[in-house]
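Descriptive structure summary
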Amino acid sequence: MGSATKNDGLVVQDRNSTDDHLCFFGMVAKDLQLAIVLYRLCSSGENADIRKVATLFGVEDGKTIYKITRRDFRSILELQTTFITWPYVAERQDIVEKTYHELPHCIGYIDGTEIKLAETPMVNHTSYFSKKKVYSINAQFVCDYQMKIRHVAVGHFGSAHDARMFRTSALCIQENSLFSSEQWLAGDSAYPLLKTLIAPFRSNSQQLDYSKPFEA
């Protein structure tokens, strides 16, 4: 097994080492790589400056930071289907039975959020400018009654509406394979009223005519 030494804040590994804790990728330890990526994810403005991040973690330059970030995201995405799974038919039926007294046939809860960008995009930046007056991309999440995330869709511009995100996601396009009879998701008023998605009335409830039957 090769040797490893510290050099100016870096963990440098012999090229012949087989120690799994260390990675010769950029000569930076794996735990330090993850720490760098997590720091970047929770930083914005001056704190997100690549040169500042490189100096803070004792890494050579910004190019190494970019490489580490891409590498870690690839690793995270490879694990996506291991930890985030849509409930299969029997599991959906189990959810319905356990929550029937609250919301009959509801199998999950959907909502959108914004992921703030650390820097202003160089291309088509106006599309990323959201209603919250920040540059961002949108993310859509579905969780079940145990607050376990079951579906994620990320990538729309910050200016995109939640309804648009839903209509272009697998939840809408592949509804026949993802929902059984009468099953649906609960969303807020930003979402459309559909067979598999129920949202609150947008008008004042005092103006509703309760004598009329409800039709989706």
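My aim in this report is to walk through the structure given alongside it, one point at a time. Computed from a predicted model, the values in this text were never measured in an experiment. (Residues numbered from 1 in each chain as written. Predicted model: local features only at pLDDT ≥ 70, side-chain atom pairs only at ≥ 80, totals over all residues. Heavy atoms only, no water.)

Further remarks concern the environment of Leu 56. Inspection of the secondary structure puts Leu 56 in helix H2 (residues 50-57). Placed 20 residues apart in sequence, Leu 56 and Ile 36 show a C-alpha to C-alpha distance of 9.3 Å. (Helix = DSSP H or I, 4+ residues; strand = E, 2+ residues; numbered from the N terminus.)

Moving on, we come to the packing of aromatic side chains. Scanning the model with the defined rule gives 5 aromatic pairs in all. Judged by centre distance (5.6 Å) and plane angle (70°), the ring pair of Tyr 39 and Phe 57 falls under edge-to-face. Of this pair, Tyr 39 sits in helix H1 (residues 30-41) while Phe 57 sits in helix H2; the two residues are 18 residues apart in sequence, bridging distant segments of the chain. When its relative accessible area of 22% is taken as the criterion, Tyr 39 is described as partly exposed. With relative accessibility at 16%, the residue Phe 57 sits in the buried group. (Phe/Tyr/Trp six-rings, centres within 6.5 Å; stacked < 30°, edge-to-face > 60°. Buried < 20%, exposed > 50% of the residue type's maximum accessible area, 1.4 Å probe, protein only.)

We now examine the pattern of salt bridges. Evaluation of the coordinates by the stated rule reveals 6 salt bridges. The shortest N-O distance in the salt bridge between Lys 195 and Glu 175 comes to 3.4 Å. With Lys 195 in the loop between strand S6 (184-186) and strand S7 (197-198) and Glu 175 in helix H9 (residues 175-178), this pair connects stretches of sequence that are 20 residues apart. When its relative accessible area of 62% is taken as the criterion, Lys 195 is described as exposed. Members of the salt-bridge network, linked through shared partners, are Glu 91, Asp 144 and Arg 150. (Salt bridge = Lys/Arg side-chain N within 4 Å of Asp/Glu carboxyl O.)

Another aspect to go through is unusual backbone geometry. Even without being a glycine, Met 147 presents a positive backbone phi close to 65°. A positive phi is found at Glu 182, a non-glycine position, where the angle reads about 70°. Among the structural elements, Glu 182 can be located in the loop between H9 and S6.

When two helices pack together, their arrangement is given by the angle between the helix axes and by the axis-to-axis distance. Running from amino to carboxyl end, H2 crosses helix H3 (residues 62-78) at an angle of 90°, the nearest separation of the two axes being 8 Å. Regarding the angle of H2 to H3, the classification is roughly perpendicular. Together, Ile 50, Val 53 and Ala 54 of H2 and Gly 62, Ile 65 and Tyr 66 of H3 make up the contact between the two elements. Grouping the constituent residues of the contact of H2 with H3 by class yields 5 nonpolar, 1 polar and no charged. (Axes fitted to C-alpha atoms, helices over the stretch in contact; angles between N-to-C directions. Parallel < 35°, antiparallel > 145°, perpendicular 65-115°, else oblique. Contact = heavy atoms within 4.5 Å. Nonpolar A, V, L, I, M, F, W, Y, C, P; charged D, E, K, R; others polar.)

Now for the packing of H1 against H2. For the pair H1 and H2, interaxial distance at closest approach is 11 Å and the crossing angle is 145°. Crossing of H1 against H2: the hand is right-handed. Contact with H1, carried on its side by Leu 32, Ala 35, Ile 36, Tyr 39 and Arg 40, involves Ile 50, Val 53, Leu 56 and Phe 57 of H2 and no other residues of that element. In the contact of H1 with H2, the residues fall into 8 nonpolar, no polar and 1 charged. (Left-handed = near helix turned anticlockwise from the far one by under 90°.)

This part is about the nonpolar core. Membership of the largest hydrophobic core comes to 14 residues, with the highest contact counts inside it found for Trp 86, Ile 107, Ile 110, Phe 166, Leu 171 and Leu 185. Among the secondary structure elements, those contributing two or more residues to this core are helix H5 (89-99), strand S3 (106-116) and helix H8 (170-173). Residues within four places of Ile 110 in sequence aside, it is in contact with Gln 140, Phe 141, Val 142, Phe 166, Leu 171, Leu 185, Ala 186, Gly 187, Asp 188, Tyr 191 and Leu 197. The next biggest cluster of nonpolar side chains, apart from the first, holds 12 residues, and it includes Ala 29, Val 53, Ile 65 and Ile 68. (Core = buried A, V, L, I, M, F, W, Y, C linked by side-chain atoms within 4.5 Å.)

Turning our attention to a nonpolar patch on the surface. Together, Leu 34, Leu 38, Leu 41 and Phe 73 line one region of the surface with nonpolar side chains, adding up to about 370 Å² of accessible area. Looking at which element gives the most residues to the nonpolar patch, the answer is H1, with 3 residues. Here Leu 34 is to be found in helix H1. (Patch = residues over 30% accessible without salt bridge, like charges linked within 9 Å, V, L, I, M, F, W, Y side chains within 5 Å. Areas by Shrake-Rupley, 256 points an atom, 1.4 Å probe, with all protein chains shown as cover.)

This part covers the sheet that holds strand S5 (residues 149-157). With respect to topology, 5 strands assemble into an open sheet ordered S5-S4-S3-S6-S7, the strand pairing being mixed. The open sheet has two edge strands with one neighbour each: S5 and S7. Of the pairings in the sheet, the one linking S3 to strand S4 (residues 136-143) comprises 8 bridges and is antiparallel in character. Note that in S4 the partner of Lys 116 across the bridge is Ser 136. (Pairing = 2+ DSSP bridges.)

Note that all results are geometric; they support no functional claim without further evidence.
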